[in-house]
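Listed below, chain by chain, are the residues.
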Amino acid sequence: TLTDAPLVSPFKLDYQSNNHISTIIKNYATQADLEHPCKNYDLNYGIKLSHTNTYNKTLYNNSQISSDSTINNEFAFTENTQAIYGSASKNLSTKWSIKAGLRIEHTNTLGNSVSLNQVNKNDYLRFFPTLFINYRRSKNHGFSLAYNHRIRRPGFYELNPFRWYTSQYFYTEGNPLLKPFVTKNLILNYDYKSSLFFSLTLSNTINASSQVPYVNDKDYSTSVLRLNYYDYNTCNFNISYIFQKWNWFESQNELNTYYIKSHSHIAPVTPEISEGYGASINSSNSFVLNKAGTMFSGLNLRYNFKGRTANFQTNYPTNSIDIFFKSSFLSGKLQVTIAIENLLRSNDFNNENTSNAILANYTSYSDSRYIGAAIVYKIGKANLSFVKRKYSNQDEKDRTN
């Protein structure tokens, strides 16, 4: 709930904290897939069941905190998801192929904030159709058209309704009523000689969720809430090129540009309409330093131009330079790697947004510059192969970050 009351913090003005945070996440998932080749087409279908329990407890342990017992946090959350899915694919000719599928998901959730004496429930059913059409005109020219629905579920920490104070005048809080949102994508791809790629993506997202910085116009305090509060459309154009004509050098380069337009359901807390552009450039390069091919180096460059985001923010430009050196010895059994990330410490987070007609600027640095070294020695046969598996609960694991 958004109000215009001044922010009242349980902390004294000289607030410093030494907190004890405990988070336990238990997930049980199982998945069964079946491939069913037929005479003129192929069928694939399966089911997935997932059950998740999370428990969060935070104790603020500092004598400078005022005697308000409600600042301690205890929150339990349960989520159950059942999904069935299937697809059919067919080669129409030597040049044309098609694949269509459907996924149906049912989810129910229960959130219990013991600290706030608040219980919230959600129950919803979602459908996710997919369609892929491929056309290979020749060896050098390939086209594809895809349509799909993609779901984005909130992270488990985003569902916790408790307030997290970081200063006398700033706190964030989650929302147990957050719902996942679906993005509909239409994607057209073209590749030339499997080295030059073009991609055009049109996307539509309804009832997306994000953080809303609410700036109080009385004391300029800020509360950051998580809400499903906006819709947006994007047009994204991507060009990538892989250069690998020389034995000693390989380079992968990418230019990504987009136009975005958003519509807010909570104006005037945020502007009602927001639109703008953005772009980024990435270049990954690797070099072979000796004739034996046992010494390598790499240079990775990233630059993000100033751009508008879907959630009504403007991001300032950022860039990053990463380098690495790698060498192998003893017929490849011993490998030594040295890597330097964010060499110039230029990958800062800087943005601005407007809340209640007040322009706010935010800057943070996550200390991502570091030097790392790794030594790997292989024991046994060098030609052993390993299969990297995606576990049934990989999606749930991603939501814990």
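These remarks concern the structure in this document. No experiment lies behind these values; they were computed from the predicted model shown. The residue numbering used here restarts from 1 in each chain and proceeds along that chain's sequence as written. Whole-chain, interface and lining totals are the exception, using all residues; otherwise, since this is a predicted model, local features are given only for residues with pLDDT of at least 70 and side-chain atom pairs are given and counted only at 80 or more. Side-chain calculation: all heavy atoms of the structure are included, whereas hydrogens and water are not.

Another aspect to go through is the nonpolar core. Only buried residues count toward a nonpolar core. Its members are Ala, Val, Leu, Ile, Met, Phe, Trp, Tyr and Cys residues joined through side-chain atoms within 4.5 Å. Three exposure classes are used, based on accessible area relative to the maximum for each residue type with a 1.4 Å probe and protein chains only: buried under 20%, partly exposed in between, and exposed over 50%. Residues Val212, Tyr229, Tyr230, Tyr232 and Ile266 are the most contacted members of the largest nonpolar core, which totals 13 residues. The secondary structure listing takes helices from DSSP runs of H or I that are at least 4 residues long and strands from runs of E that are at least 2 residues long, numbered from the N terminus. Mapped onto this core, the elements with two or more residues apiece are strand E10 (196–215) and strand E11 (222–246). The biggest single contributor to this core is E11, with 4 residues. Note on contacts: a residue pair qualifies if any of its non-hydrogen atoms lie within 4.5 Å across the two residues. Not counting chain neighbours up to four residues away, the residues in contact with Tyr230 comprise Ile206, Asn207, Ala208, Ser209, Ser210, His263, Ser264, His265, Ala310, Asn311 and Phe312. Within the second largest apolar cluster, 5 residues are counted, among which are Phe75, Phe77, Phe156 and Leu159.

Pairing of aromatic side chains here covers Phe, Tyr and the six-membered ring of Trp, requires ring centres within 6.5 Å, and sorts the geometry by plane angle: under 30 degrees stacked, over 60 edge-to-face, intermediate tilted. Taken as a whole and judged by the stated rule, the model has 19 aromatic pairs. Joined through ring pairs, the aromatic side chains of Trp96, Tyr135, Phe143, Tyr190, Phe198 and Phe237 make up one cluster. In this structure, Arg126 packs its charged tip against the face of Tyr124, placed 5.3 Å from the ring centre. Remark: a charge is flagged as sitting over a ring if the NZ atom of Lys or the CZ atom of Arg is within 6 Å of the ring centre and within 35 degrees of the ring normal.

What follows is about the environment of Arg302. The residue Arg302 is located in strand E14 (residues 295–304) in this model. What makes Arg302 partly exposed here is its relative accessible area of 35%. Separated by 19 residues in the primary sequence, Arg302 and Ile321 place their C-alpha atoms 6.7 Å from one another. Ignoring sequence-local partners within four residues, the contact set of Arg302 consists of Ile281, Asn282, Thr318, Asn319, Ser320 and Asp322. In protein, a polar contact requires one atom able to donate a hydrogen and another able to accept it; more generally it is a pair of N or O atoms within 3.5 Å, and residues adjacent in sequence count only if both atoms are side-chain atoms. In this structure the side chain of Arg302 is engaged in a polar contact, spanning 3.0 Å, whose partner is the side chain of Asp322.

Just to be clear on terms, a salt bridge is a Lys or Arg side-chain nitrogen sitting within 4 Å of an Asp or Glu carboxyl oxygen. Under the defined criterion, the tally for this structure stands at 6 salt bridges. The partner of Arg153 in a salt bridge is Glu105, with the nearest N and O atoms 2.1 Å apart. Of the two residues, Arg153 sits in the loop between strand E6 (141–152) and strand E7 (163–167) while Glu105 sits in strand E4 (residues 96–113), which places them 48 residues apart along the sequence. Glu105 sits in the buried class, given a relative accessible area of 6%. Between Arg152 and Glu158 there is a salt bridge, and its shortest N-O distance comes to 3.1 Å. Salt bridges here are not isolated pairs; linked through shared partners, they connect Arg103, Glu105 and Arg153.

This is a description of form; function is not addressed.
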